[in-house]
Amino acid sequence: MGTPTTTPLYEHWHDGGFIISQAVGHRSVDKILLSMNAVVYQAGTVLGKQTTGTTAAATALGTNTGTGTFGAIAVGAGALPGVYAVEFDDATHYVVEDPNGAEVGHGVAGVAFSAGGLGFTITAGGTAFVPADSFAVTVAAGSGKFAPLSLTATDGTVNAAGILYGLVDATAADASGTGVVRAAEVNGNELIWPTGATGGQIAAATAQLTALGIIVR
């Protein structure tokens, strides 16, 4: 008589199985739109939100004396959607403020600037800039869609914004789903983090979830 064999049973994540507790009613969850990503999203996937676009444009604020011009603007990680202000202190030096009015860096005409999620070079023109010459750099808003947390994204999904409640197939098109976006306790052992995420990166994302009221146990 042969030895009986048993086929292993591989259990997948259950919808909402990572939740320890949540607020009364539906306060903890929202209907969300998941970006097409050629994947089937699993329950418990930590999500980011596409809050920032990939393009930006510069325009003069009022009438500038200086005739210098902006080169191409690169939008990188840490950029905020909205209007950045670039104001000259003298013929060559300027200060950059983000859409919240916080100073993000100082620059010099003719030298590449990179701070606050923006990269650009202002080329001096035939007429020098004067104090108070200024530009508005408008960073486009993102789509508002959700996608798996990314460690390198520049569209806002580098920041944790929620957790996917249940399995969603987004292999062929954007798809609707349910996200746990506030006021909940969750089991950290059942969350799905980006491949290769370090302990420090997970800790930083966990702090972002905590700020939303999502406590990882």
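For the structure itself, look to the data block above.
Here's what I pulled together on the structure shown here. Once a new chain begins, its residue numbering starts again from 1 and follows that chain's sequence as written. Local features in this predicted model are restricted to residues of pLDDT 70 or higher, and side-chain atom pairs are both shown and tallied only at a pLDDT of 80 or more, whereas totals for entire chains, interfaces and linings draw on every residue. Values shown for side chains rest on all heavy atoms present in the structure; no hydrogens or waters enter the calculation.

## Some words on the overall build of the protein
We apply this condition: Strands are runs of DSSP state E lasting at least two residues, helices are runs of H or I lasting at least four, and both sets are numbered from the N terminus onward. This radius of gyration counts C-alpha atoms alone. The globule rule is 2.2 Å times how many residues there are, raised to the power 0.38. The buried label goes to any residue with under 20% of its type's maximum accessible area, the exposed label to any with over 50%, and the partly exposed label to all in between, with areas taken from a 1.4 Å probe on protein chains only. The contact criterion used throughout is that any non-hydrogen atoms of two residues lie within 4.5 Å. We get accessible surface area from the Shrake-Rupley algorithm with a probe of 1.4 Å; when it comes to residues, only the shown protein chains can shield them. Counting rule applied: Lys, Arg positive; Asp, Glu negative; His and chain ends not counted. Here the site of a charge means atom NZ of a Lys, CZ of an Arg, CG of an Asp or CD of a Glu.
Along the protein, the regular secondary structure elements total one helix and 20 strands. The globule rule puts the C-alpha radius of gyration for 217 residues at 17 Å, and the 23 Å found for the protein is more than 25% above it. Along the three orthogonal principal directions, the C-alpha set of the protein runs to about 95 × 40 × 30 Å. Within the span of the protein, comprising 217 residues, buried residues form 37% of the whole. Sequence-distant contacts, at least 24 apart, represent 75% of the contacts inside the protein between residues at least 6 apart. On the protein, roughly 11300 Å² of surface is accessible, and the fraction owed to carbon and sulfur atoms is 56%. On the protein, the mean spot of the 6 positive side-chain charges and the mean spot of the 15 negative ones are 15 Å from each other.

## Description of the sheet that holds strand 12 (residues 118-120)
Remark on secondary structure: sheet strands pair via backbone hydrogen bonds, oriented parallel or antiparallel. To keep it simple, the criterion reads: Paired strands are those between which DSSP finds at least two bridges.
Spatially, three strands are ordered 7-12-11 in an open sheet, and the strand pairing comes out antiparallel. Only two strands of the sheet have a single partner each, and these edge strands are strand 7 (74-75) and strand 11 (113-115). Judged from the two bridges that link them, strand 7 and strand 12 form a sheet pairing that is antiparallel. When the bridges of strand 12 are listed, alanine 74 appears paired with glycine 119.

## Overview of the side chain of aspartate 133
For clarity, the threshold we go by: Here, a salt bridge means any side-chain nitrogen of Lys or Arg that lies within 4 Å of a carboxyl oxygen of Asp or Glu.
The residue aspartate 133 is located in the loop between strand 13 (122-123) and strand 14 (134-141) in this model. Buried aspartate 133, no salt bridge; nearest opposite-charge side chain is lysine 49, N-O distance 37 Å. When sequence neighbours within four positions are dropped, the list of residues in contact with aspartate 133 reads Asn64, Thr65, Gly66, Val86, Glu87 and Phe88.

## Quick look at the packing of aromatic side chains
Convention followed: When the centres of two rings from Phe, Tyr and Trp lie within 6.5 Å, Trp using its six-membered ring, the rings pair. Their planes under 30 degrees apart give stacked, over 60 give edge-to-face, and anything left gives tilted.
Tallied over the full model, the rule gives eight aromatic pairs. Their ring planes at 70° and their centres at 5.1 Å tell us that phenylalanine 70 and phenylalanine 135 sit as a pair that is edge-to-face. With phenylalanine 70 in strand 6 (residues 69-70) and phenylalanine 135 in strand 14, this pair connects stretches of sequence that are 65 residues apart. A ring pair is formed by phenylalanine 129 and phenylalanine 135, whose centres lie 6.0 Å apart and whose planes are at 80°; its orientation type is edge-to-face. Side by side, phenylalanine 129 and phenylalanine 135 carry an identical accessibility label, which is buried.

## Thoughts on the pairing of strand 4 (residues 46-49)
The side chains of a regular strand alternate, first on one face of the sheet and then on the other. As judged from the three bridges shared by strand 4 and strand 16 (residues 160-164), these two strands associate in the antiparallel manner. Its bridge partner lying in strand 16, leucine 47 is registered against glycine 162.

## Concerning a negative patch on the surface
We apply this condition: Residues with no salt bridge and a relative accessible area higher than 30% make up the patches, which join like charges within 9 Å and nonpolar side chains (Val, Leu, Ile, Met, Phe, Trp, Tyr) within 5 Å.
Taken together, the side chains of Glu87, Asp89, Asp90, Glu97 and Glu103 define an acidic patch exposed on the protein surface. Position of glutamate 103 relative to the elements: it lies in strand 10 (residues 103-108).

## Quick look at the environment of leucine 151
Examined against the element boundaries, leucine 151 turns out to sit in the loop between strand 15 (146-148) and strand 16. With relative accessibility at 31%, the residue leucine 151 sits in the partly exposed group. When the C-alpha positions of leucine 151 and proline 194 are compared, they lie 7.3 Å apart, and in sequence the two are 43 residues distant. When near neighbours in sequence (up to four residues on either side) are disregarded, leucine 151 contacts Val158, Pro194, Thr195, Gly196, Ala197 and Gln201.

## Points about the nonpolar core
Selection criterion: In plain words, nonpolar cores are sets of buried Ala, Val, Leu, Ile, Met, Phe, Trp, Tyr and Cys residues tied together by side-chain atoms within 4.5 Å.
Membership of the largest hydrophobic core comes to 19 residues, with the highest contact counts inside it found for Phe70, Val86, Tyr94, Leu118, Phe120 and Ile122. Those elements giving two or more residues to this core turn out to be strand 8 (82-88), strand 9 (93-97), strand 11, strand 12 and strand 14. The residues contacting valine 86, other than those within four sequence positions of it, are Phe70, Tyr94, Val95, Val96, Phe120, Ile122, Asp133, Ser134, Phe135 and Val137. Judged by nonpolar contacts, the second largest core, of 15 residues, contains Phe18, Val46, Val186 and Ile214.

From the geometry alone we can't say anything about function, so treat these as descriptive.
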